[in-house]
Amino acid sequence: MQPLTDQLLHCTLPDLPLPAALHPRWLAEGVLELRPEHARRAVVVSAGIHGNETAPVELLLALVAAIGAGTLCPATDLLLVFGNLPAMRANRRYLHHDMNRLFGGRHRTAPRSHEATRAAELEAVTAAFFEHTTAPAGERWHLDMHTAIRGSLYPQFALVPFHAHAYSPAFFDLLAAAELDAVVQHTQVGGTFSHFVSEQFQAQSVTLELGKARPFGQNDLPQFAPTGRAIRALITGAPLPERQKPPVHHFTVAESIIKTSEQFTLNLPNEAENFTCLPPGYEIAAQPDRRWVVSDTARHILFPNAGVATGLRAGMLLAPGAPRLSLSE
Ligand SMILES: [Zn+2]
């Protein structure tokens, strides 16, 4: 295991020397704030909201190391968040509850758990961070980095939370520069960290799915390098790296498949990848009181999972194309 990962997991990361000019402060365990002079942008970068999604944690640690070594000089207010440390230590997605369903105050009505307490803490430190920034409203950014359970036809993609305020062309330029293969626009509110930051602080916030979840030390880190370079450009104000891949594919969530019965079945092989295109008329899921049939327009399946608890989402059907909301508002 890398020494810095070890320091993170043993809570000794705050011993790492950081440039005094950045006014570094640990606002909570695993939450580092940096405030350079004259910052004109405020950026939150988070990883490890799911504890077994380790590659983004290593990417974030590399940023901390570069800042500590003086080779990366942020010109923006910066909040770096290592989400679920106990789950990271256990190499588990979560200990008691999926933390990325508890934001937006849902932690208050959820059963008591480590994740509910931590979600409340992360909401509070994020609020404090944005409250004290001098960056204008259009320059509030949040990248919440994850990796996925399944393989994916588009290996790296972004999930843009439902939002009523404008996301700028510069935001989509960043996603393109990070070499993401696809962008998915949500059309309903959710309990994710990115939805909370977007709605509460009018930030341009996004969930990034950057590959498959693997334990610490087993990640193919070069796969994550383009995202790292784009984040470095965002926080230093340098020009974005030039995209090398074909243009980004855009999708919009057309239907969420909500499991409400224990007899719910999903008609997909386990190895089916995210974004698999299904034939119109195909019965994708069923339970005694209803069935879900693939329409002509929304044929791509995302995050299929029959094993979720009842009341939760067991998959989404996507239509190709971006909604006007996210691009032209
Ligand atoms: Zn995740």
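Residues numbered from 1 in each chain as written. Predicted model: local features only at pLDDT ≥ 70, side-chain atom pairs only at ≥ 80, totals over all residues. Heavy atoms only, no water.

Naming follows an unreviewed UniProt entry, where the protein appears as Succinylglutamate desuccinylase of Chimaeribacter californicus. UniProt's Function (unreviewed entry) comment on the protein is quoted here verbatim: "Transforms N(2)-succinylglutamate into succinate and glutamate." Regarding the protein, the UniProt comment filed under Pathway (unreviewed entry) reads as follows: "Amino-acid degradation; L-arginine degradation via AST pathway; L-glutamate and succinate from L-arginine: step 5/5." (UniProt positions renumbered as here; feature names shortened; annotations may be inferred.)

Asker: Which residues make up the confidence of the model for the protein, and what values go with them?
Answerer: Looking at the protein, pLDDT values average 94 and 98% of them are 70 or higher. Counting interchain partners and residues more than four positions distant, the pLDDT-below-50 stretch residues 325–329 has twelve contacts. (pLDDT = per-residue confidence, 0-100. Contact = heavy atoms within 4.5 Å.)

Asker: Outline the sheet that holds strand β11 (residues 283–287), supporting the account with residue identities and numerical values.
Answerer: Ordered by their spatial adjacency, three strands build an open sheet running β10-β11-β12, and the pairing between neighbours is antiparallel. Each having just a single partner strand, β10 (265–266) and β12 (290–293) make up the two edges of the open sheet. Judged from the four bridges that link them, β11 and β12 form a sheet pairing that is antiparallel. Residue pairing across strands places Glu-283 opposite Val-293, the latter belonging to β12. (Pairing = 2+ DSSP bridges. Helix = DSSP H or I, 4+ residues; strand = E, 2+ residues; numbered from the N terminus.)

Asker: Now, about the nonpolar core: what can you tell me, with residues and values included?
Answerer: Residues Phe-82, Met-145, Leu-175 and Leu-208 are the most contacted members of the largest nonpolar core, which totals 51 residues. Broken down by element, the residue count for this core peaks at nine residues, all from helix α2 (residues 54–69). If near-sequence neighbours (up to four positions away) are discounted, Leu-208 is found in contact with Leu-143, Asp-144, Met-145, His-146, Phe-157, Ala-158, Leu-175, Leu-180 and Thr-227. Counting 23 residues, the second largest nonpolar core, distinct from the first, contains Ile-49, Val-81, Ala-135 and Phe-201. (Core = buried A, V, L, I, M, F, W, Y, C linked by side-chain atoms within 4.5 Å. Buried < 20%, exposed > 50% of the residue type's maximum accessible area, 1.4 Å probe, protein only.)

Asker: So what's going on with the pairing of strand β1 (residues 25–28)? Which residues, and what values?
Answerer: As paired elements, β1 and strand β2 (residues 31–34) share three bridges and run antiparallel to each other. Looking across to β2, one finds that Arg-25 is bridged to Glu-33. Once β1 ends, the chain turns through two residues before running back antiparallel as β2, passing Gly-30 with a positive phi of about 75°.

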